[in-house]
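Structural overview
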Amino acid sequence: MVLPLKVMFYVYFLAVVVGAQFPFQNTSLPWDDRVDDLVSRLTLDEIQVQMSRGGTGPGGGPAPAIPRLGIGRYAWNTECLRGDVGAPGNATAFPQAIGLAATFSPDLVGRVAAATGQEVRGKHNDFVKQGLVDTHLGASCFSPVINIVRDSRWGRIQETYGEDPFMSGLLAQRFVQGLQGDDSRYIQASAGCKHFDVHGGPETIPVSRFSFDAQVSDEDWHMTFLPAFKACVKAGTFSLMCSFNKINGVPACANKELLTDILRTEWGFRGYVISDQGAVENVWIEHHYTNNSVDTAAVAVAAGCNLDLPDGLPTPVYMSIVDAVNQGKLTEEIVRESVKPLFYTRMRLGEFDPPDNNPFAKLDSSVAESPEHQALALEAAMKSFVLLKNRNNFLPLKPGTYKNVAVIGPMADNINQIFGDYSPSTSQFFVRTPLQGIRDIFPSARHQQVCLDGDPCTKYNSSVVPLVVGGADLVFLVLSTGADVESEGQDRPDVELPGHQRNLLTDTLYYSGTAPVVVLLFNAGPLNISAADENDRIVAIMECFFPAQAAGDALRNVLIKSGEFSSPAGRVPLTWPYYASQMPPMVNYSMAERTYRYMTTPPLYPFGYGLSYTTFNYSLFYYVTAIKANESLNAWFSVTNTGAVDSDEVVQCYISWSDRTLPVPNLQLGYFDRIHIKAGQTVQVEATIPGEVMAFRDQGQWVIKEGLMYVYCGGQQPFQKKSAPSNMLYGQFKIVNTLRTKTL
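Residues numbered from 1 in each chain as written. Predicted model: local features only at pLDDT ≥ 70, side-chain atom pairs only at ≥ 80, totals over all residues. Heavy atoms only, no water.

**Quick notes on the UniProt feature "domain: Fibronectin type III-like" (unreviewed entry) in the protein**
Going by this rule: UniProt positions are given in the numbering used here, feature names are shortened, and annotations may be inferred rather than shown by experiment. Runs of H or I in DSSP of at least four residues are treated as helices and runs of E of at least two as strands, each being numbered from the N terminus.
According to UniProt, the feature "domain: Fibronectin type III-like" (unreviewed entry) maps to residues 649–717 in the numbering used here. Between the end C-alpha atoms of residues 649–717 the distance is 14 Å, and the span holds 0% helix and 61% strand.

**A closer look at the side chain of Q50**
Basically, it comes down to this: Throughout this description, buried means an accessible area under 20% of the type-specific maximum (1.4 Å probe, protein chains only), exposed means over 50%, and partly exposed covers the range between.
Assignment of secondary structure puts Q50 in helix α3 (residues 44–52). By relative accessible area, Q50 is classed as buried at 2%.

**Describing the confidence of the model for the protein**
Condition: Each residue carries a pLDDT score, the predictor's confidence in it, ranging from 0 to 100. Contact definition: two residues touch when any of their heavy atoms are within 4.5 Å.
For the protein, mean pLDDT is 95; residues scoring 70 or higher make up 97% of the total. In this model, residues 1–19 is a region of pLDDT below 50 whose contacts with residues beyond four sequence positions or in other chains number 24 contacts.

**As for empty space enclosed by the protein**
To be explicit about the condition: The definitions used throughout rest on a 1 Å grid laid over the protein atoms alone, on which a cavity is an enclosed set of points accommodating a 1.4 Å probe that cannot get out and a pocket is an open set flanked by protein within 12 Å on both sides along at least five of seven lines; lining residues are those having an atom within 4 Å of a point. Grid points are joined across faces, edges and corners, and a volume is the space filled by probe spheres set on the points. Each residue is assigned to one class: nonpolar for Ala, Val, Leu, Ile, Met, Phe, Trp, Tyr, Cys and Pro, charged for Asp, Glu, Lys and Arg, and polar for all the others, Gly among them.
Scanning the model with the defined rule gives two cavities of 30 Å³ or more in all. Considered as a void within the structure, the largest cavity measures approximately 110 Å³ in volume. Around the largest cavity, the lining comprises 14 residues; the ones closest to its centre are R150, S152, T575, M583 and T595. For the lining of the largest cavity, the residue count by class is six nonpolar, three polar and five charged. Of the volumes computed, that of the second largest cavity is approximately 40 Å³. Classifying every residue of the lining of the second largest cavity by side-chain character gives four nonpolar, four polar and one charged.

**Concerning the packing of helix α5 (residues 106–129) against helix α6 (residues 165–180)**
Which entries qualify depends on this criterion: Lines fitted to C-alpha atoms define the axes here, with helix axes fitted over just the stretch in contact, and angles between the N-to-C directions of these axes take values from 0 to 180 degrees. When the near helix sits turned anticlockwise from the far one by under a right angle, the crossing is termed left-handed; a clockwise turn instead gives a right-handed crossing.
Between α5 and α6, the least distance of the axes is 7 Å, while the angle of their chain directions is 30°. At the point where α5 passes α6, the crossing takes the right-handed sense. In contact with P106, D107, V109, G110, A113, A114, T116 and G117 of α5, α6 contributes L170, L171, R174, F175, G178 and L179. Here the contact of α5 with α6 is composed, by residue class, of eight nonpolar, four polar and two charged.

**Some points on α3**
Residue pairs three or four apart in sequence face the same way in an α-helix, which turns once every 3.6 residues. Of all nine residues in α3, eight are buried, a share of seventy percent or more. Three or more residues of α3 are buried, namely L44, E46, I47, Q48, V49, Q50, M51 and S52. Close packing links the buried residues of α3 with α2 (31–40), α11 (293–303), α12 (321–326) and α13 (332–348).

**Re the sheet that holds strand β13 (residues 616–623)**
Cut-off, in case you're wondering: When DSSP locates at least two bridges between a pair of strands, those strands are taken to pair.
Strand order in the open sheet formed by three strands is β13-β15-β18, and the pairing between neighbours is antiparallel. Edge positions in the sheet fall to β13 and β18 (682–689), since each has one partner strand and no second. For this sheet, the mean angle separating the axes of adjacent strands, direction not counted, is 25°. One ladder, built from eight bridges, connects strand β15 (residues 633–641) with β18; its direction is antiparallel.

**Here's the deal with the packing of α6 against helix α8 (residues 227–234)**
Which entries qualify depends on this criterion: Any angle between 65 and 115 degrees counts as roughly perpendicular, while under 35 counts as roughly parallel, over 145 as roughly antiparallel, and the rest as oblique.
In contact at an axis separation of 8 Å, α6 and α8 are set at 25° when each is read in the N-to-C sense. One finds that α6 runs roughly parallel with respect to α8. Judged by the twist between their axes, the crossing of α6 over α8 is right-handed. Across the interface between the two elements, P165, S168, G169, Q173 and V176 of α6 pack against P227, A228, A231, C232 and K234 of α8.

**Observations regarding the sheet that holds strand β11 (residues 517–522)**
Sheet strands line up and pair through hydrogen bonds in the backbone, either parallel or antiparallel. Taken in spatial order, the six strands of this open sheet run β7-β12-β11-β10-β8-β9, and their pairing is mixed. Edge positions in the sheet fall to β7 (386–390) and β9 (446–447), since each of these pairs with one other strand and no more. When strand β8 (residues 405–408) meets strand β10 (residues 474–480), the two strands line up parallel, connected through four bridges. Bridge pairing in β10 links V407 to F476.

**Digging into the environment of E543**
Spelled out, the test is: Any N or O atom pair separated by 3.5 Å or less is treated as a polar contact, with the protein-specific requirement of one donor-capable and one acceptor-capable atom, and with residues adjacent in sequence counted only for side-chain atom pairs.
Checked against the element boundaries, E543 lands in strand β12 (residues 538–543). Placed 67 residues apart in sequence, E543 and G610 show a C-alpha to C-alpha distance of 9.5 Å. Setting aside chain neighbours within four positions, we find E543 in contact with S384, F385, V386, L388, L521, F522, N523 and W576. At 3.4 Å, the side chain of E543 and the side chain of N523 are in polar contact.

**Quick notes on α5**
To keep it simple, the criterion reads: The span expected for a helix works out to 1.5 Å for each residue beyond the first.
Spanning 24 residues, α5 covers 35 Å between terminal C-alpha atoms, matching the ideal 34 Å at 1.5 Å per step. The element α5 is extensively covered by neighbouring structure, given that 18 of its 24 residues are classed as buried. Downstream of α5 by a residue or two, G131 has a phi angle that is positive, lying close to 75°.

**Regarding the nonpolar core**
Keep this limit in mind: Residues belong to one nonpolar core when they are buried, are Ala, Val, Leu, Ile, Met, Phe, Trp, Tyr or Cys, and are joined through side-chain atoms within 4.5 Å. Delimitation of the domains relies on an automatic or database domain assignment.
In this structure, Y318, F637 and M694 are the most contacted members of the largest nonpolar core, which totals 154 residues. Counting contributing residues, this core receives three or more from each of domain 1 (23–78 + 183–363) and domain 3 (616–741). For F637, the contacting residues outside a window of four places in its chain are Y618, S619, L620, F621, V651, C653, V683, Q684, V685, A687, C713 and L729. Y460, L474, L477 and A524 belong to the second largest nonpolar core, which has 86 residues in total.

**A short note on the state of the cysteines**
Our working definition: Criterion for a disulfide: a pair of cysteine sulfur atoms at a distance within 2.5 Å.
Considering all chains together, one arrives at five disulfides under this definition. Two residues, C653 and C713, share a disulfide whose sulfurs are 2.2 Å apart. Taking the torsion about the sulfur-sulfur bond, which here is approximately 115°, the covalent link between C653 and C713 counts as right-handed. Placement of the pair is C653 in strand β16 (residues 647–657) and C713 in strand β21 (residues 707–714), with a sequence separation of 60 residues. Both residues of the pair, C653 and C713, belong to the buried class. Here the bonded cysteines of the protein are numbered in sequence order, and their pairing is 1-2, 3-4, 5-6, 7-8, 9-10. Between C305, a free cysteine, and C242, which holds the nearest cysteine sulfur, the sulfur-to-sulfur gap is 4.0 Å. No disulfide involves C544; its sulfur sits 17 Å from that of C451, the nearest cysteine.

Given below as structure tokens:
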């Protein structure tokens, strides 16, 4: 859109008065006026190039400079999932996202995101001063990943916040707010929630993600796959990434219903959408939805994809934008509007303003691995651990009791795999492995590598087992997956232990005599460890996920309950099935029999489950007994630490519907938080369950129906066979009217 002559004169006059060369550089003007001025000065060819350069490599990026306007180059592709990924120099490696989810702590996720944003921005500022513009050197992040885990075999579970839409949405909000900073004018780094949408496998098994068509019902789409992204938009994210897959026959990056009707019209999003790498060209090449680059560019831009992240084509698809306009398949007005969010983001990062105006311009690389960030990485790792089994309160350990300790398993001393995928580049000086942590407690602990190829464990040296565990009076068995087994582009065929790790478990029990065995798990997707759970020789099982640099120190502290945060309080953020046979086929996108919300068979470990070194009692339950449709439900209750150990507790409240004929989940999480309670102390909790979680889809509308509802609060899900030794509070309330609405 070209600005009217009067407006152009006005902004030009103001620019001259304040000394700016161009009105878009005038900090006294509103953001929209500045963006409009800048875009009005661009030729269509310049816009085409800017929208084509979301990545790197030949023809892929960065976005080139526009010297006549004083606009520099810019790299859009930075990964910031839980630390600054891939940039030269050091960076703090916080636990992988699934571990952060297991903390059930929105506060912690926000603090980790803020620290990540500081390091990303500080290093970016230094790169800019050095004239470096390239992949992973920018301040615009492809993070967080908020896809819903609906299948335990999916390779990218580790990057997510688990299976619950409400929880994923709340953690995404805290991540976005922490990463972008709390300045009223500028942002520290820009967040980008991905992958939008209905994306949660397959990667490779049984078909490729690049051509997969996710067939999803209106109910499942709106009640499971969209809510976390809506929460992300409400938090103020500057971008979303559209996914590789089709949704009901239409590629996500060319899906007007998704990118315009829902995202912009219904939710009011004003940021930019970037494609996943190669997703725009896949509209044509993999999905065969279009027949050439011109039609592909036209349909993707018109649908609402602002920026192409190419994947190696000699000429990116969006370099056909001008041809699409000239052929009448796309209007220049749509193209100019499409580029505006890109420059708005760069303006809010402070690129066109004096550095002295921007508090984030003062950051530099020295913030990376600061003592504060190292301490936060350790806190996050300790809080991410989930105690799955603790027979007769075997943990915490009394170190003097054991003299002959063995440590065995592929992740015991694997310095690379303890990070998981999309890990920051961290100096080994800051890294401690599980073996090192255990040897802090037991300096003479024996260890040899038994899986010669690491986590896949296809090369199993069984002769090592009796040499390591024979005669031990305590054994640590470290079982794992790692990015070598589950990661982007790599699904698992089942939920069994990889390779010969099941043999390792059996052999360890056989050759260790009567020694107690502690199993330590380093994985993301659930594993079938039912045999370990049921075996009395295995006295404890601890899920550690991928704790990154602080793995060893965190493990040491939790095993012997040393210092703050050392009583485990994490909870599994996804349901652990007993067997893969409990799950529908990977390609089936119905939510029936998936996640705690819809499963009807008992799991090995239910969503929200985890043990502690202490016990808790819930009491004095008060709540509002009648509410109007879409009103929040407020509840109050007391939690007492009835044990002898100071500890965190994860408080959870769920709702369910009395009318089981409605198209609703079995249960729905509506509130959670992590609180610290000293031994013998009682704290009061006020829980607010938002009205939105009581809504369901019916014939294309949102409905909150009059009738009786149930509410449950405690440290876990209600009605679970596998449960923590704390009680649940139960109640019922009434919704007094019915609401039907197009949007919530």
